[in-house]
Amino acid sequence: MSKDNWSSDYIKNAAFVPKLASIVVDDFLQPKADDTILDVGCGDGKLTAELAKIVKYVHGLDSSPNLLKIAHEQHGLDVTVQDAQTLTAAELTYPTGQSHYDKVFSNAALHWILTTNKPTQGSTHAEKEQIRQNFFNEVYKTLRADGGVFAAEFGGLGNVSEIHAAFVATLIKYGLTPAEAHAASPWYYPHEDVVRGYLEHAGFTVEKIERVYRSTLLPHGDDGMLQWLDLFGFAFVEAVQKKNPSVTKDAILNDVLEILRGVNYDPNSNQWFAGYVRLRFRAIKA
Ligand code: BEZ
């Protein structure tokens, strides 16, 4: 079983993530009382539980057993441990008496799910594209034939670019080549035209798609960026330590932090900001 990098720290430090989801829920998902919804990458289930209060049924999928334990035990949600990159419509759990969902939803997860930087995720560009296309194809099959909706928000091209570049620069400092440093990134941040292509190729009609910059205040004041780096930067830390096990996580994160201090920190308010770029879409299975 692969290592679960998510822990209860997620709830403490990433609570701002579901709070920022009102646009994708209200304007893109548009939940209705009789909807059945599959939430892909539901994490600890905070947002999923809000949906469960207003729709007929929600089922959560996530690759992290730690987060799903919370989703199930604290929020009473039905969940399945599943790496959504290998989602297979035929093997999903469906609402009682149904062989489809009305809607598939995903918030702040597809940039993790659609990454293809691991050696097991294809060696050629074509293989990597096929892995992503398969995901969209399987979501399509999961949905109701007449008007099923796929609505999602995730990181688009340029997302947290300062943080991303600071990690890459730090990895190069610790002896990785630029190619190795880039390959350590666990994130996929595409342009909206690329995502439109995957959706249309799967058979969807794209009703709307957008990519917008959203400067985001990180919680925890002065400590905000370090907590963010610690929570989400584990893949970069692992890449350095694989090459040089004596380098500590603290040393790596502090190097990244010092690069970012002159870019993402507001000394007037003692607060950190991250340059989030949100890619959102609403696509219909006609
Ligand atoms: C995001 O929601 O864009 C995001 C969250 C954590 C790490 C990277 C990106």
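Remember, predicted model here, so these are calculated numbers, not experimental data.

K.L.:
Describe the site of the ligand, listing the residues and the values that go with them.
P.N.:
What surrounds the ligand is the set Ala108, His111, Trp112, Asn159, Trp187, Tyr189, Trp228, Phe232, Tyr276 and Arg278. The contact in question runs from an oxygen atom of the ligand to an N or O atom on the side chain of asparagine 159, over 2.7 Å. A distance of 2.2 Å is found between an oxygen atom of the ligand and a side-chain nitrogen or oxygen belonging to arginine 278. Within the complex, 98% of the 260 Å² of free accessible area of the ligand lies under protein.

K.L.:
If you had to explain the packing of aromatic side chains to someone new, which residues and values would you point to?
P.N.:
Under the criterion given, the structure shown has 17 aromatic pairs. Here the aromatic rings of tryptophan 112 and tryptophan 187 are separated by 5.9 Å at their centres, their planes lie at 80°, and the arrangement is edge-to-face. In this pair, tryptophan 112 is assigned in helix 6 (residues 110-113) and tryptophan 187 in the loop between helix 9 (178-183) and helix 10 (192-202), connecting sequence segments 75 residues apart. Look at tryptophan 187 and phenylalanine 236: their rings are 5.4 Å apart centre to centre, the planes differ by 65°, and that puts the pair in the edge-to-face class. Residue tryptophan 187 is located in the loop between helix 9 and helix 10, and its partner phenylalanine 236 is located in helix 12 (residues 234-243); the two are separated by 49 residues in the primary sequence. Note on accessibility: tryptophan 187 and phenylalanine 236 belong to one class, buried. The ring of phenylalanine 28 has lysine 208 sitting right over it, with the charged end atom 4.5 Å from the ring centre. We note arginine 261 situated over the ring of tyrosine 265; from NZ or CZ to the ring centre the distance is 5.4 Å.

K.L.:
Hey, could you go over the nonpolar core for me, with residue numbers and the actual values?
P.N.:
In terms of nonpolar packing, the biggest core is built from 37 residues, with Val160, Ile163, Leu171, Met225, Trp228, Leu229 and Leu260 touching the most fellow members. Of all the secondary structure elements, the ones that give two or more residues to this core are helix 5 (65-75), helix 8 (161-173), helix 11 (224-232), helix 12, helix 13 (249-264) and strand 8 (271-285). Top contributing element to this core by residue count: helix 12, with 6 residues. Setting aside anything within four residues of it in sequence, one finds leucine 229 in contact with Ile163, Phe167, Leu253, Val256, Leu257 and Leu260. Membership of the second largest hydrophobic core comes to 34 residues, among which are Tyr94, Phe150, Ile209 and Phe281.

Rules used throughout
Residues numbered from 1 in each chain as written. Predicted model: local features only at pLDDT ≥ 70, side-chain atom pairs only at ≥ 80, totals over all residues. Heavy atoms only, no water. Near = heavy atom within 4 Å. Polar contact = N/O pair within 3.5 Å; in protein donor to acceptor, adjacent residues only side chain to side chain. Areas by Shrake-Rupley, 256 points an atom, 1.4 Å probe, with all protein chains shown as cover. Phe/Tyr/Trp six-rings, centres within 6.5 Å; stacked < 30°, edge-to-face > 60°. Helix = DSSP H or I, 4+ residues; strand = E, 2+ residues; numbered from the N terminus. Buried < 20%, exposed > 50% of the residue type's maximum accessible area, 1.4 Å probe, protein only. Lys NZ or Arg CZ within 6 Å of the ring centre and 35° of its normal. Core = buried A, V, L, I, M, F, W, Y, C linked by side-chain atoms within 4.5 Å. Contact = heavy atoms within 4.5 Å.

What is shown is where atoms sit, not what they do.
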